[in-house]
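The primary structure of each chain is shown beneath.
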Amino acid sequence: NAGVIQTPRHKVTGKGQEATLWCEPISGHSAVFWYRQTIVQGLEFLTYFRNQAPIDDSGMPKERFSAQMPNQSHSTLKIQSTQPQDSAVYLCASSSGQNYAEQFFGPGTRLTVL
Amino acid sequence: QQQVRQSSQSLTVWEGETAILNCSYENSAFDYFPWYQQFPGEGPALLIAIRSVSDKKEDGRFTIFFNKREKNLSLHIKDSQPGDSATYFCAADASSGSWQLIFGSGTQLTVMP
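My aim in this report is to walk through the structure given alongside it, one point at a time. (Residues numbered from 1 in each chain as written. Chains lettered and ligands numbered in written order. Predicted model: local features only at pLDDT ≥ 70, side-chain atom pairs only at ≥ 80, totals over all residues. Heavy atoms only, no water.)

## Notes on the overall build of chain B
Then, number 1: On a plain count of helices and strands, chain B comes out with zero helices and 11 strands.
Then, number 2: Sequence-ordered secondary structure for chain B, helices as α and strands as β, is β-β-β-β-β-β-β-β-β-β-β.
Then, number 3: Projected onto its principal axes, the C-alpha positions of chain B cover 45 × 30 × 20 Å.
Then, number 4: When the 113 residues of chain B are sorted by exposure, 46% land in the buried category.
Then, number 5: Counting only contacts in chain B whose residues sit at least 6 apart along the sequence, the fraction spanning at least 24 positions is 52%.
Then, number 6: Accessible surface for chain B amounts to roughly 5500 Å². Of this, 46% is attributable to carbon and sulfur atoms.
Then, number 7: Within chain B, one finds 9 positive and 12 negative side-chain charges whose respective centroids are separated by 8 Å. (Helix = DSSP H or I, 4+ residues; strand = E, 2+ residues; numbered from the N terminus. Buried < 20%, exposed > 50% of the residue type's maximum accessible area, 1.4 Å probe, protein only. Contact = heavy atoms within 4.5 Å. Areas by Shrake-Rupley, 256 points an atom, 1.4 Å probe, with all protein chains shown as cover. Lys, Arg positive; Asp, Glu negative; His and termini not counted. Charge placed at Lys NZ, Arg CZ, Asp CG, Glu CD.)

## Let's talk about the side chain of Gln37(B)
Then, number 1: As for its placement among the helices and strands, Gln37(B) is situated in strand β4 (residues 32-38).
Then, number 2: Once residues lying within four places of it in the same chain are set aside, the contact partners of Gln37(B) are Gly43(B), Pro44(B), Ala45(B), Leu47(B), Asp84(B), Ala86(B), Thr87(B) and Tyr88(B).

## With respect to the environment of Ala2(A)
All names here are of chain A.
Then, number 1: Residue position: alanine 2 is located in the segment before β1 (5-7).
Then, number 2: Judged by relative accessible area, which is 67%, alanine 2 ranks as exposed.
Then, number 3: Placed 15 residues apart in sequence, alanine 2 and glutamine 17 show a C-alpha to C-alpha distance of 31 Å.

## Things to note about the packing of aromatic side chains
Then, number 1: The final tally for this structure, using the stated rule, is 15 aromatic pairs over all chains.
Then, number 2: When the ring of Phe65(A) is compared with that of Tyr90(A), the centres are 6.5 Å apart and the planes differ by 40°; the resulting orientation is tilted. Of this pair, Phe65(A) sits in strand β7 (residues 65-71) while Tyr90(A) sits in strand β9 (residues 88-95), and the two are 25 residues apart along the sequence.
Then, number 3: Relative accessible area serves as the criterion here: at 8%, Phe65(A) is assigned to the buried category.
Then, number 4: Judged by its relative accessible area of 0%, Tyr90(A) is buried.
Then, number 5: Note on Phe105(A) and Phe103(B): the rings are 6.1 Å apart at their centroids and 70° apart in plane angle, and the pair reads as edge-to-face. Pair noted here: Phe105(A) is in strand β10 (residues 104-105) and Phe103(B) is in strand β10 (residues 101-103), and the two residues belong to different chains. Here the two residues Phe105(A) and Phe103(B) agree in accessibility, since each one is buried.
Then, number 6: Grouping aromatic residues by their ring pairs yields a cluster made of Phe33(A), Tyr35(A), Phe45(A), Tyr48(A), Phe105(A), Tyr36(B), Phe89(B) and Phe103(B). (Phe/Tyr/Trp six-rings, centres within 6.5 Å; stacked < 30°, edge-to-face > 60°.)

## Regarding the sheet that holds β1(A)
Residue and element names in this part refer to chain A.
Then, number 1: Pairing is antiparallel across the open sheet formed by four strands, whose spatial order is β1-β3-β8-β7. Pairing within the sheet leaves two strands with one partner each, and these edge strands are β1 and β7. Averaged over all pairs of adjacent strands, the angle between their axes in this sheet comes to 20°, without regard to strand direction. (Pairing = 2+ DSSP bridges. Axes fitted to C-alpha atoms, helices over the stretch in contact; angles between N-to-C directions.)

## Observations regarding the pairing of strand β5 (residues 45-51) of chain B
Residues and elements named next belong to chain B.
Then, number 1: Here β4 pairs with β5 via six bridges, running antiparallel. Bridged to glutamine 37 within β5 is alanine 45.
Then, number 2: The turn joining β4 and β5, which pair antiparallel and follow one another in sequence, is formed by six residues; a positive phi near 80° is taken by glycine 41.

Taken by themselves, the reported measurements are silent on function.
Right, dumping it as C-alpha cells:
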C-alpha cells in the first residue's frame, strides 16, 4: 500500500501562471479531500469528492480554484492566475467508505508563487 | 472563532516523561476526534482517534482522554522519546454529512534526550 501520492512535491510558479496539483488516493478509497496548510491559517479544508462526485467545495476560493476527479485513481486541483497568497502546502487525503472522517494524508505539494 | 483550540503552541518534555497535549472544541455536535502527527516536510499522519461516546482510547504509548461535558480532550504520550518530537494536531469531524476535518493550530512537541 503506497499511501496517498501527490505530485509534484514542490512547484514554483510566477504570478499569474497556472498550477495543477495531482493526487492519487489509496487504492479502494472512495473519498478524496483537499486541504491547504499555511503558517498563518493552519490546516484548512478546501473540497471533497465521494465516488468521484463533488460533494462539498465550501472551502474553495470562488475564483481561480477548481478541482476535479475524472476517475477513481486521481484528482487534480487547479489554480489559475496564481497569486503570492496562494503559496502554501496543498494536502490531499483519502478515506474509505467505512469512516469518511478517518482520513489519510499524502506528503503534500509545496506551491511557491513568486 | 476557532472551533478547535490547542492552547499550547509548544511543549518540551524530557525523554521518558509523559507528554500531555490539550485540545478543546466549541461545537457539541462534533463526534469524531483524530489526532495527527506531522514531521517537517511530511503530511499529517493519523495517530489515534476517539468518538464522543467514549471517554478513553488507548493505543500503545498514546492515550486520548475525552470529556464531553467540558468539551475538551487530551493526548497523553507515555515514555516520550526524542523521535516523538513533532507537531501534533487535534481535529474534529464537522459532521453534518460533510466529513471535513476542522483542525486546531497544532502543538509542537520537543522531547529532550
